[in-house]
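Coordinate analysis (summary)
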Amino acid sequence: MKALRKLQRGPGNVEVVEIPSPAPKEGEVLVEVKYAGICGTDIHILHDLYPKARPPVTLGHEFCGVVTQLGPQVTGWRTGDRVTVDTAASFCGLCQFCKAGQTQLCNQRVGYGSSTDGGFASLVTVREGALHRLPDHLSFQEGAICEPLACAAHAVMEVSSVVPGIWVLITGPGTIGLCALQVAKAMRAKVIITGTQRDEERLKVAERLGADHCLQINPQDSLPFISQLTGGDGADIAFECSGNANAVKDCLAALRKGGEMIQVGLFGHPILSNYDDIVLKEIHLKGTFGHNRGNWVKAINLLETRKVNLQLLVSGEFPLSRWPEGFRLFEKGAGLKYLLYPIKQ
Ligand SMILES: [Zn+2]
Ligand SMILES: [Zn+2]
C-alpha cells in the first residue's frame with residue numbers, strides 16, 4: 001500500500017512510499033482511511049522540529065475511515081463501521097495522570113502519526129479503545145476534523161470555567177480557535193474572536209459559526225475596547241489560540257480582574273510578556289494540551305446533537321500523492337483545514 005512517511009531524522013525525508021499492508025494484532029482493527037487532516041504537528045515532523053517523532057513512521061494523526069478487518073479479541077466493532085480515531089495509540093495506564101483519566105499527560109503516551117504509524121496511508125491498524133463511532137449524518141471529511149474538536153472540548157469544557165452568559169475572548173481564528181468558538185457557543189457563552197489582516201476569510205467563517213463579535217486587529221493596537229463590548233470590566237475568559245506573543249498581550253489587557261487565561265496555542269520559542277498583569281489583575285493562567293477519551297466523547301456528542309459545524313472548516317482536499325500542495329497551503333496560513341485522501345473517493 002501507499003503511505004506518506006518520514007523516513008529518517010533531519011529536515012525533509014518525507015515521501016510517499018510503498019510498504020506492506022499492516023495486519024491487526026490482538027485488540028486492534030484494520031481501518032481503511034477515508035480522509036486525514038494536515039496539522040501543524042505534521043509540518044513540524046517534516047522539518048524535524050518534533051522530537052517525539054520516531055521515524056521511519058507514517059504521518060497523519062487526524063483521520064477517519066471504515067473498519068475492514070477485526071483482530072483477535074475485538075468485540076465492540078464490526079467490519080463496515082464508520083469510525084474516527086483518538087490519537088493516543090497507547091499510554092501506561094498506571095501513572096497518576098492515566099489513573100485520573102488525564103492520559104494526554106502520560107509520559108509513556110504513544111501517538112499515531114508520530115511515534116507509531118498514522119493515517120496518511122490506505123490502511124492503518126488501530127487499538128479498539130481508540131475508536132469512536134462517527135454519527136451517521138457526518139461526512140468523512142468532517143470525521144477527519146474530530147481531533148481538533150476534541151482539543152477544543154478539552155480546553156473549553158474541562159480546563160476552563162466557561163458557564164452560560166459569560167464573555168469569552170478567543171485570539172486566533174484557526175481550526176482550533178473556530179472549534180473553541182463553537183464549543184463555547186454550545187455552552188451559551190458570548191464570544192468575541194480576533195484575528196489579524198491575514199485572517200479576514202477565517203473571521204467570516206467565525207461570523208457564520210455564531211461569534212457575537214469578529215474583530216480584525218492590527219498587531220500594534222491593543223484591545224481597550226473589549227470592556228465596551230462586554231459592557232463591563234472586560235472578558236471573563238480568554239483562549240489564546242494563535243501562539244503569537246501579541247495575542248497574549250491582548251488577552252491580558254482584555255481580561256477583567258480575576259479573569260481566566262487559557263493558553264491553547266504553542267509559540268515554539270520563549271516569548272516576552274507583561275507578567276505583572278497576572279499579579280495586578282489576579283488572572284488565573286492555565287495551559288491546555290491535547291485531549292483524553294472523555295473529551296472525545298463530549299466532542300462526538302456535540303456533533304451528534306449538531307451543535308457544531310465542521311464542514312465550514314474544510315478548505316480543500318488532495319490525493320495522498322499531492323501532499324506537498326496541501327502542506328504548502330497549510331504552512332502559508334491560507335484557509336483552514338486541508339485533507340488528504342489515500343484512495344479515490
Ligand atoms: Zn492535530
Ligand atoms: Zn500513564
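Residues numbered from 1 in each chain as written. Chains lettered and ligands numbered in written order. Predicted model: local features only at pLDDT ≥ 70, side-chain atom pairs only at ≥ 80, totals over all residues.

**What about the overall build of the protein chain?**
Helix and strand content of the protein chain: 11 helices and 18 strands. The C-alpha atoms of the protein chain give a radius of gyration of 20 Å, which matches the 20 Å a tight globule of 345 residues would have. Summarising its shape, the C-alpha atoms of the protein chain cover approximately 60 × 40 × 35 Å along the three principal directions. In the protein chain, which comprises 345 residues, the share counted as buried stands at 48%. In the protein chain, the share of contacts with a sequence separation of at least 24, taken over all contacts with a separation of at least 6, comes to 68%. (Helix = DSSP H or I, 4+ residues; strand = E, 2+ residues; numbered from the N terminus. Rg over C-alpha atoms; globule rule 2.2 N^0.38 Å. Buried ≥ 20, exposed ≤ 12 C-beta atoms within 10 Å, placed from the backbone. Contact = placed C-beta atoms within 7 Å.)

**What about the sheet that holds strand E1 (residues 2-6)?**
What links the strands of a sheet is backbone hydrogen bonding, and the strands pair in either a parallel or an antiparallel sense. Sheet architecture is open: three strands sit in the order E2-E1-E4, paired in antiparallel fashion. The open sheet terminates on both sides in strands that have one partner only, identified here as strand E2 (14-18) and strand E4 (57-58). By the bridge criterion, five bridges tie E1 to E2 in an arrangement that is antiparallel. Its bridge partner being in E2, Lys-2 is matched across the sheet by Glu-18. (Pairing = 2+ DSSP bridges.)

**So, helix H8 (residues 245-254)**
Extensive coverage of H8 is indicated by the burial of seven of its 10 residues. Those residues of H8 that fall on the buried side of the exposure criterion are Ala-247, Val-248, Lys-249, Asp-250, Cys-251, Leu-252 and Ala-254. Buried-residue contacts for H8 involve strand E11 (167-171), strand E12 (190-195), helix H7 (226-229), strand E14 (235-240), strand E15 (255-263) and helix H9 (276-280).

**Considerations on the pairing of strand E13 (residues 213-216)**
Sheet faces and side chains relate simply in a regular strand, where the side chains alternate between the two faces. Bridge count for E12 against E13 is four bridges, and the pairing is parallel. Pairing of Ile-192 across the sheet is with His-213, part of E13. Where the polypeptide runs from E12 across helix H6 (residues 200-208) and back to E13, its parallel neighbour, the crossover connection is right-handed. (Right-handed = clockwise from strand over helix to strand, strands pointing away.)

**A closer look at the sheet that holds E12**
Within the open sheet, the six strands sit side by side as E13-E12-E11-E14-E15-E16. Their pairing is parallel. Bordering the open sheet on either side are E13 and strand E16 (284-287), each of which pairs with just one other strand. If you compare each strand with its neighbour and ignore which way they point, the axes differ by 20 degrees on average. In the packing of helix H5 (residues 175-186) onto the sheet, contacts are made with E11, E12 and E14, and the angle to E12 comes to roughly 170 degrees. (Axes fitted to C-alpha atoms, helices over the stretch in contact; angles between N-to-C directions.)

**A word on the nonpolar core**
Formed by 101 residues in total, the largest nonpolar core has its most connected members in Val-168 and Ala-180. Ranked by residue count, the leading element in this core is helix H4 (residues 146-159), at eight residues. Two domains share this core, each providing at least three of its residues, namely domain 1 (2-145 + 310-341) and domain 2 (152-287). Once residues lying within four places of it in the same chain are set aside, the contact partners of Ala-180 are Ala-152, Ala-155, Val-156, Ile-170, Phe-239, Cys-241 and Val-264. (Core = buried A, V, L, I, M, F, W, Y, C linked by C-beta atoms within 7 Å. Domains from an automatic or database assignment.)

**Topic: the domain arrangement of the protein chain**
Under the domain assignment, the protein chain is made up of domain 1 (2-145 + 310-341) and domain 2 (152-287). Once you take the C-alpha centre of each, domain 1 and domain 2 turn out to be 29 Å apart. Across the boundary between the two partners, domain 1 contributes five residues, which contact eight residues of domain 2. For the side of domain 1 that touches domain 2, the class distribution of residues is three nonpolar, one polar and one charged. (Nonpolar A, V, L, I, M, F, W, Y, C, P; charged D, E, K, R; others polar.)

**Some points on the packing of H4 against helix H10 (residues 293-304)**
Packing of H4 against H10 leaves a shortest axis separation of 8 Å and a crossing angle of 105 degrees. Here H4 is positioned roughly perpendicular relative to H10, judged by the angle of their axes. Residues Cys-146, Leu-149, Ala-150, Ala-153, His-154, Met-157 and Glu-158 of H4 pack against Asn-295, Trp-296, Lys-298, Ala-299 and Ile-300 of H10. Class assignment of the residues belonging to the contact of H4 with H10 gives a composition of eight nonpolar, two polar and two charged. (Parallel < 35°, antiparallel > 145°, perpendicular 65-115°, else oblique.)

**Brief notes about the packing of H4 against H5**
As a packed pair, H4 and H5 sit with axes 8 Å apart at the nearest point and diverge in direction by 55 degrees. Classified by the angle their axes make, H4 and H5 are oblique. Read as a crossing pair, H4 and H5 show a hand that is right-handed. Taking contact as the criterion, the partners of Pro-148, Leu-149, Cys-151, Ala-152, Ala-153, Ala-155, Val-156 and Met-157 in H4 are, on H5, Thr-175, Ile-176, Cys-179, Ala-180, Val-183 and Ala-184. The residue makeup of the contact of H4 with H5, split by class, is 13 nonpolar, one polar and no charged. (Left-handed = near helix turned anticlockwise from the far one by under 90°.)

**A few points about the environment of Ala-89**
Here Ala-89 is to be found in strand E7 (residues 88-90). Between the C-alpha atom of Ala-89 and that of His-47, which follows or precedes it by 42 residues, the distance is 23 Å. Not counting chain neighbours up to four residues away, the residues in contact with Ala-89 comprise Val-110, Gly-111, Tyr-112, Thr-116, Arg-127 and Ala-130.

**Considering the pairing of E15**
With seven of nine residues buried, E15 is to be regarded as a mostly interior element. Relative to E15, E14 runs parallel, the two being bridged by five bridges. The residue bridging Glu-240 from the neighbouring strand is Gln-263, located in E15. Handedness of the crossover joining E14 and E15 through H8 is recorded here as right-handed.

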